[in-house]
Amino acid sequence: MAVRRISTGSPFEDKIGYSRAVVADGWVFVAGTTGYDYATMTMPDGVADQCENTLATIAKALDDAGSGLDHVVRVTYILPNADDWPDCWPVVRKAFAKAKPAATMFVAGLQNPEMKIEIEVTARVAGA
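The shown structure was predicted, so the numbers you read here are calculated from the model rather than taken from an experiment. (Residues numbered from 1 in each chain as written. Predicted model: local features only at pLDDT ≥ 70, side-chain atom pairs only at ≥ 80, totals over all residues. Heavy atoms only, no water.)

Thoughts on helix H3 (residues 85-95)
Note that an α-helix has 3.6 residues per turn; residues three or four places apart therefore point the same way. Within H3 the residues assigned to the buried category are Trp 85, Cys 88, Val 91, Val 92 and Ala 95. Taken down its axis, H3 places every buried residue within 110° of arc, on the same side. The outward face of H3, more than 90 degrees from its buried face, is lined by the exposed residues Arg 93 and Lys 94. Residues of H3 that are buried sit in contact with helix H2 (47-64), strand E4 (72-79) and strand E5 (102-107). (Buried < 20%, exposed > 50% of the residue type's maximum accessible area, 1.4 Å probe, protein only. Helix = DSSP H or I, 4+ residues; strand = E, 2+ residues; numbered from the N terminus. Arc of directions from axis to C-beta. Contact = heavy atoms within 4.5 Å.)

Details of the packing of H2 against H3
Helix-helix packing: each pair is described by the crossing angle between the helix axes and the interaxial distance. Close contact between H2 and H3 brings their axes to 8 Å; oriented N to C, the two are set at 25°. The orientation of H2 with respect to H3, classified from their angle, is roughly parallel. Two packed elements cross with a definite hand, and for H2 against H3 that hand is right-handed. Mapping the contact onto sequence places Val 47, Ala 48, Cys 51, Glu 52 and Leu 55 in H2 and Asp 87, Cys 88, Val 91, Val 92 and Ala 95 in H3. Its residues assigned to classes, the contact of H2 with H3 comprises eight nonpolar, no polar and two charged. (Axes fitted to C-alpha atoms, helices over the stretch in contact; angles between N-to-C directions. Parallel < 35°, antiparallel > 145°, perpendicular 65-115°, else oblique. Left-handed = near helix turned anticlockwise from the far one by under 90°. Nonpolar A, V, L, I, M, F, W, Y, C, P; charged D, E, K, R; others polar.)

The following block contains the structure:
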């Protein structure tokens, strides 16, 4: 089985030792992704803005893998504060309007205090 690894250039990928996404056997597995703008390594203050950045990073990784948000079959949302979750609903509803993946949200601490959301997805490669 051929495996392809995709990086966003995030310093966390190198420091921790993981890939943003791994493509294997027609599937794309995207690692937990937070709201950094990886070009500037800045993090917006608001959870909705972080959610938008997170989904943009995920969309780029999926595109690089030959997939896209419309091919997501599973999504996991992790937030340190459950009260922030409703602010993300319009953002995720728009991103997954077509795919409507199976989804789970849970509350847990994240790596850095400025992180307000982390998202992980599994998708099919387009045409697989």
